[in-house]
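# Descriptive structure summary
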Amino acid sequence: MKITTVLFDLDGTLTDSGPGIMNSVKYALEKVGEPTPDVDELRKFIGPPLKGQFMEHCGIDEEIAAEMVTLYREYFTVTGIFENSVYDGVEEMLKTLKQAGIKIAMATSKPEKFAKIIADHFGLAQYFDVIGGACMDETRTEKQDVIRYVLEQCEEKELDKIVMVGDRSYDILGGHAEGLKVIGVLYGYGDLKELSEAGADALATTPQEVAELVLETE
């Protein structure tokens, strides 16, 4: 079956957003007197919804975690959002897919407002037919909910003609829950073990391989 539409995760799939996210997390933790965690612990914040990560890391309830997200955004909105870079080969991948007539959408757990700013800042917005993300008020943060929201905006309604691309287990599980096949990328923040155990339908080591996998799918 020929693929007509691709949904991309943002953090760890299109851009290396780790520095900005980790610095924003450190800022929030320092603001409330929490010690700065090591890099491995900070990396856990890249990708999944922030509130849940703060709850787990700090052992706090949802209300206090929401306050932590507000502190995180104090730094992220001004500085952290731009402590970010596009992975090598990503723009070429998007250009290749666009030229092949593929519809391209973004489905990210990052607030949609920030996702659009990032896409504009790095000149990627021109390739996207839909940019969808989480709500600032935390009412839409889980990956499955974001994917469903984006699918509702896509012209293509046959799920076997749509594929999701992401770097974390949340992308795989969220895509599968909505009936999509999912390509896991190994150049982001998830490793082979995580993506394989989540059940990725295919794996790519570079953005070029993602484009090849999408275009060769029949």
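Each remark here, short or long, concerns the structure printed above.
The model shown is predicted, which means the values in this text are computed figures rather than measured ones. (Residues numbered from 1 in each chain as written. Predicted model: local features only at pLDDT ≥ 70, side-chain atom pairs only at ≥ 80, totals over all residues. Heavy atoms only, no water.)

### Considering the side chain of arginine 168
Residue placement: arginine 168 occurs in the loop between strand S6 (162–166) and helix H8 (169–177). Arginine 168 gets classed as buried once you look at its relative accessible area, which sits at 10%. Of the polar contacts made by the side chain of arginine 168, one reaches the side chain of glutamate 194; its length is 2.8 Å. (Helix = DSSP H or I, 4+ residues; strand = E, 2+ residues; numbered from the N terminus. Buried < 20%, exposed > 50% of the residue type's maximum accessible area, 1.4 Å probe, protein only. Polar contact = N/O pair within 3.5 Å; in protein donor to acceptor, adjacent residues only side chain to side chain.)

### A few points about the packing of helix H1 (residues 18–31) against helix H3 (residues 50–58)
Look at H1 against H3: their axes get within 13 Å of each other, and the N-to-C directions meet at 50°. When the interaxial angle is binned, H1 and H3 end up oblique. Crossing handedness for the pair H1 and H3: right-handed. From H1, Val25, Ala28 and Leu29 reach across to H3, where they touch Phe54, His57 and Cys58. Residue classes in the contact of H1 with H3 are distributed as five nonpolar, one polar and no charged. (Axes fitted to C-alpha atoms, helices over the stretch in contact; angles between N-to-C directions. Parallel < 35°, antiparallel > 145°, perpendicular 65-115°, else oblique. Left-handed = near helix turned anticlockwise from the far one by under 90°. Contact = heavy atoms within 4.5 Å. Nonpolar A, V, L, I, M, F, W, Y, C, P; charged D, E, K, R; others polar.)

### A look at empty space enclosed by the protein
Taken as a whole and judged by the stated rule, the model has two cavities of 30 Å³ or more. Estimates place the volume of the largest cavity at around 210 Å³. Where the lining of the largest cavity is concerned, the elements lending two or more residues are H3, helix H4 (62–76) and strand S4 (103–111). Sort the elements by how many residues they give to the lining of the largest cavity and H4 lands first, with four residues. Residue composition of the lining of the largest cavity, grouped by class: twelve nonpolar, three polar and five charged. Volume-wise, the second largest cavity comes out at about 30 Å³. Around the second largest cavity sit Asp9, Gly47, Pro48, Ser109, Lys143, Arg168, Tyr170 and Asp171, which together line it. Grouping the constituent residues of the lining of the second largest cavity by class yields two nonpolar, two polar and four charged. (1 Å grid on protein atoms, 1.4 Å probe; cavity = no way out; pocket = protein on both sides within 12 Å on 5 of 7 lines; lining within 4 Å. Points joined across faces, edges and corners; volume = space filled by probe spheres on them.)

### Observations regarding the packing of aromatic side chains
If you walk through the whole model with that rule in mind, you get five aromatic pairs. Between tyrosine 27 and tyrosine 75 the ring centres are 5.6 Å apart and the planes differ by 35°, which places this aromatic pair in the tilted class. Residue tyrosine 27 is found in helix H1, and its partner tyrosine 75 is found in helix H4; the two are separated by 48 residues along the sequence. In textbook terms, an aromatic cluster arises when at least three aromatic residues are bridged by ring pairs, as seen for Tyr72, Phe76 and Phe114. (Phe/Tyr/Trp six-rings, centres within 6.5 Å; stacked < 30°, edge-to-face > 60°.)

### Points about the pairing of S4
With eight of nine residues buried, S4 lies mostly within the body of the structure. Across four bridges, strand S1 (residues 5–8) lies against S4 in parallel orientation. Residue pairing in the sheet places valine 6 in a bridge with isoleucine 104 of S4. As paired strands, S4 and strand S5 (residues 130–134) are joined by four bridges and run parallel to one another. Following the sheet pairing, alanine 105 is matched in S5 by valine 130. In this fold, the crossover linking S4 to S5 by way of helix H6 (residues 112–121) has right-handed handedness. (Pairing = 2+ DSSP bridges. Right-handed = clockwise from strand over helix to strand, strands pointing away.)

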